[in-house]
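Working through the structure, step by step
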Amino acid sequence: GAEASAQVPWESPLLVGPGSPGGLSVLMADPGAGLGVLAHWHGRAQGTRLGLRFGLAEAPGDDLAVFGGADLSGPLHSRDQAFPLDVVWVTGFGMGAGDHALISIPFGISLGRGFAAEDAWIHPYVSPRLVVDAFLGDDRRDDMDLGLVVDLGLDLSFARGWGVRFGASLGDRDGIAVGLAFPGRS
């Protein structure tokens, strides 16, 4: 985890819950190396959903790093009386690059449920996942690792329209993001 945090991971936090809103989110983020900004677009498809992200963040040594990638998710289970949560599979591919590069491939699940009350909607979720990391360009560390990451997420909306998103990564990644979500057109 500590060595991965010396690079800038593209997917921490992943921000993919089974009911997360489609559209564009703009967030202040610390993906684990330093403060930055993240733009995340998430499709609205009912089946497999595509997400794209791009960001800039401080890297170790006050350098600037870029990160970006694509995430995919799809339904595994819709809540019912036997199990009250929605479940989707999640995966993706992306890279963070500064002085060195970190290519990461996450795969796991995301469990959550949305709740509506009058003019508000809240959607908490948790996403346990494995992450395959490939470190490139660092003579001291040209190898691959497997890590365990758990994301905690929360999507809030107080009216039809924009909302607030929060995500945090724990485990072999430490990352946090908070910002605004603007839904795409139906």
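The paragraphs below set out a description of the structure included in this document.

Criteria and thresholds
- Here the residue numbers are simple positions, counted from 1 along each chain's written sequence.
- In view of the model being predicted, local features appear only for residues whose pLDDT reaches at least 70, and side-chain atom pairs are presented and counted only at 80 or more, with totals across whole chains, interfaces and linings using the full set of residues.
- Side-chain metrics in this entry use all non-hydrogen atoms of the structure; hydrogen atoms and water are not considered.
- Any two strands with at least two DSSP bridges between them are considered paired.
- Think of it this way: any DSSP run of H or I at least four residues long counts as a helix, any run of E at least two long counts as a strand, and we number them from the N terminus.
- For every residue, the accessible area (1.4 Å probe, protein chains only) is compared with the maximum for its type, and the residue is labelled buried under 20%, exposed over 50%, or partly exposed between those bounds.

Pairing of strand β1 (residues 23–30) with strand β2 (residues 36–42) involves seven bridges; the strand directions are antiparallel. Looking at β2, one finds that leucine 27 is bridged to leucine 38. Count of turn residues in the β1/β2 antiparallel hairpin: five residues, of which glycine 32 carries a positive phi of about 125 degrees. Two strands pair when backbone bridges link them, and β1 and strand β11 (residues 175–183) are joined in this way by eight bridges, in the antiparallel orientation. Of the residues in β11, the one forming a bridge with valine 26 is leucine 180.

Note the cis peptide between serine 12 and proline 13, where omega equals 0 degrees. Tracing the backbone shows proline 13 in the loop between α1 (2–5) and β1. The phi torsion at leucine 15 lies on the positive side, around 60 degrees, for a residue other than glycine. For leucine 15, the location among the structural elements is in the loop between α1 and β1. Classification of leucine 15 as buried rests on a relative accessible area of 1%. Of note in this structure, glutamate 118 is not a glycine but carries a positive phi near 45 degrees. Position of glutamate 118 among the secondary structure elements: in the loop between β7 (115–117) and β8 (120–136).

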